[in-house]
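Single-letter residue listing:
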Amino acid sequence: MPGFVRLFAAIAATIAAVESHTPSHFNSTVDKESIPVMSHLLTTDLTFTHAIQVTTTSIHSDGNQLGLTGRIAQMDNCWRKLKKYTRVMMVDGVGESERVLTISKYCLRCTRGIPYNEYVLDLGSLSSDPAALKGASYSYINGMTNDARLLHEYYEIQQNEILGPEGIFNIPTLDRFVPPTEVGGKGNFYLTTIAHLEHHAEQLEYLVFVHKLPNLYLEVVATIRHIVVPQIASSSTSSSAPGVPCVYVSSSERSGCVEGVRRSTFLLAPWMIDQMRGSFNRLLYMPKAVPRSYKNPFCLNPELDWKTLEDRYLEGDVLQIDSLMTDVCLRELRRFAQEGTLFYDFKRSYFGAYLDEGVREFDWINILIDEFRERFPRVIGSMPLSTAWFYKYDSLESHAGGIGIHADQAAVNINIWLTEDDANLDKTSGGLVIYDTAPPREEVYDPEKFFVWNQDIMEGYRQNWLKEHGAKNITVPFKENRAAVFDSKRLHATDTYHFKPGYTNRRINLTLLFGDGRDQEGKTDEVEKMSNKVFKNMGATGGY
């Protein structure tokens, strides 16, 4: 297993190089006065049925013991209240979808913190006072920093309250959750890549620029770019050659970084987590949706010929739907992906935000899901939403490719592209490659065989399999506000892409998976051949 050997060698090299290096870059940002911390156990969002009591502690720059002790109490109390609240909801007979949404909302904040905008909202009239807002900003960032110093306590509390015999996630709909305090958890607090850290820095910089986060976070950006990333890069190895530090000329230009280093997985040293002020993989900002109104009642474009589109899907065609959404829905979903600090999971050249970790909170996502059921009653109808995610791609790593050939465990697959067209440097690419051949469903749904059809390590096998079965492919190019809709049992992959550098130019797609493919008609133990036609909506009537 040479790949795993290289991974652990890189981790060991990183630890050895950084354990003794503890810069004090942030000493100048700590207020020498005692700062009141109005840190919450959970947000008192007015949309919640039950608000959770706010706890106040204080932090002093010369001795954080009171602050640390207070944070431990808050973490423990957060989970106890969530457990109690969950039991109340179960007894009250709250509907499953509402219960899952609400519990996930609370859980996200227990696990990853209170977003800054909700924290300031709870200040009430004080938020309009510049001095009070400045103090609150210091309080917020210091509270997050203390959380980063308490990861061991976080781990112990979550082991008891989440995974214990009476833990929250014995609820069937939530039992797949792995806390980010676990190294094996998706989007955990310890493992990352340089590309992922660069995305974190770019997003923080963007949020400060659009006045969503305080200017204090520009110092976190500087720390990531000029301390953490160079240290990781210089302590790495690639092709047996020493790593070359990444030197930033601007937010989107950098020199150095040996090929492949930006995509390599590294274990963050404690001082790195601390110097990023506890911001890494935390919920720092949660966008609030523009309300649906009589002026903006729809998410899906009501002028499209949905009946014809549904007919063509049922005949086996892949759908290419342009002008899919209304302007307000497109803008809102793109804004959510750019502003929401939810992209905790890193892959080869892209980062993911998932349904149960914040995505389902955004109103326009739920409107979109409901409208697809209404517009496609025969294709989707009452099918449950299996999952949904946003993927945001790294423009600098476009040569590494996106998602490889794979199958999804669902019945209907909807891929929607959100980035503005101007960002795409090659209008013929950047979309999705969809094959007319599907593997046996019993293998895709077999836990022991699914990795064959889904994991990167088996990409070569899937390519050979497609050749052996004479598979043909359909390419749906990237276009802003375009969707590719197809039977999810088809193998598919991200097309090559070439986008401009810069945060707002990153390729973003939203994927919705509906239903369970095992319920579809036909034999489950045979390779399936399907149509290789793409039906494109052209005006109200559509056409090929």
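Predicted model only: the values in this text are computed from it and were never measured.

Below, the discussion takes up the sheet that holds strand E16 (residues 473–476). Spatially, the three strands line up as an open sheet ordered E16-E14-E18, and their pairing is antiparallel. Every other strand in the sheet has two partners, leaving E16 and strand E18 (492–494) as the edge strands with one partner each. Across this sheet, the average inter-strand angle for adjacent strands is 20 degrees, counted without regard to direction. In this sheet, E16 lies alongside strand E14 (residues 432–435) in antiparallel orientation, the contact comprising four bridges. The partner of Tyr435 across the bridge, within E16, is Asn473.

Moving on, we get to the state of the cysteines. The tally for this structure, following the rule as stated, stands at two disulfides. For Cys78, the disulfide goes to Cys110, at an S-S distance of 1.9 Å. Handedness here is read from the sign of the S-S torsion; for Cys78 and Cys110, about -95 degrees, the answer is left-handed. On the criterion of sequence distance, the pair formed by Cys78 in helix H2 (residues 65–92) and Cys110 in helix H3 (residues 96–112) is long-range, its members being 32 residues apart.

With that settled, consider the packing of helix H11 (residues 327–339) against helix H12 (residues 363–375). The axes of two packed helices give the description: the angle between them and the distance between them. It is the contact of H11 with H12, at a shortest axis distance of 9 Å, that shows an interaxial angle of 130 degrees. With respect to H12, the element H11 is oriented oblique. Viewed along their axes, H11 and H12 form a crossing whose handedness is left-handed. Residues Val328, Cys329, Glu332 and Leu333 of H11 touch H12, and the partners they reach there are Trp364, Ile365 and Leu368. Broken down by class, the residue content of the contact of H11 with H12 amounts to six nonpolar, no polar and one charged.

This part is about the packing of aromatic side chains. Summed over all chains, the structure comprises 18 aromatic pairs. Relative to Phe390, the ring of Phe336 has its centre 5.6 Å away and its plane inclined at 50 degrees; by these criteria the two rings are tilted. Pair noted here: Phe336 is in helix H11 and Phe390 is in strand E12 (residues 385–393), with a separation of 54 residues, a long-range link. One cation-aromatic arrangement involves Arg112 over Tyr344; the distance from NZ or CZ to the ring centre is 3.8 Å. The side chain of Lys392 reaches across the aromatic face of Phe343, ending 4.0 Å from its centre.

What counts and what doesn't
Residues numbered from 1 in each chain as written. Predicted model: local features only at pLDDT ≥ 70, side-chain atom pairs only at ≥ 80, totals over all residues. Heavy atoms only, no water. Pairing = 2+ DSSP bridges. Helix = DSSP H or I, 4+ residues; strand = E, 2+ residues; numbered from the N terminus. Axes fitted to C-alpha atoms, helices over the stretch in contact; angles between N-to-C directions. Disulfide = S-S within 2.5 Å. Parallel < 35°, antiparallel > 145°, perpendicular 65-115°, else oblique. Left-handed = near helix turned anticlockwise from the far one by under 90°. Contact = heavy atoms within 4.5 Å. Nonpolar A, V, L, I, M, F, W, Y, C, P; charged D, E, K, R; others polar. Phe/Tyr/Trp six-rings, centres within 6.5 Å; stacked < 30°, edge-to-face > 60°. Lys NZ or Arg CZ within 6 Å of the ring centre and 35° of its normal.

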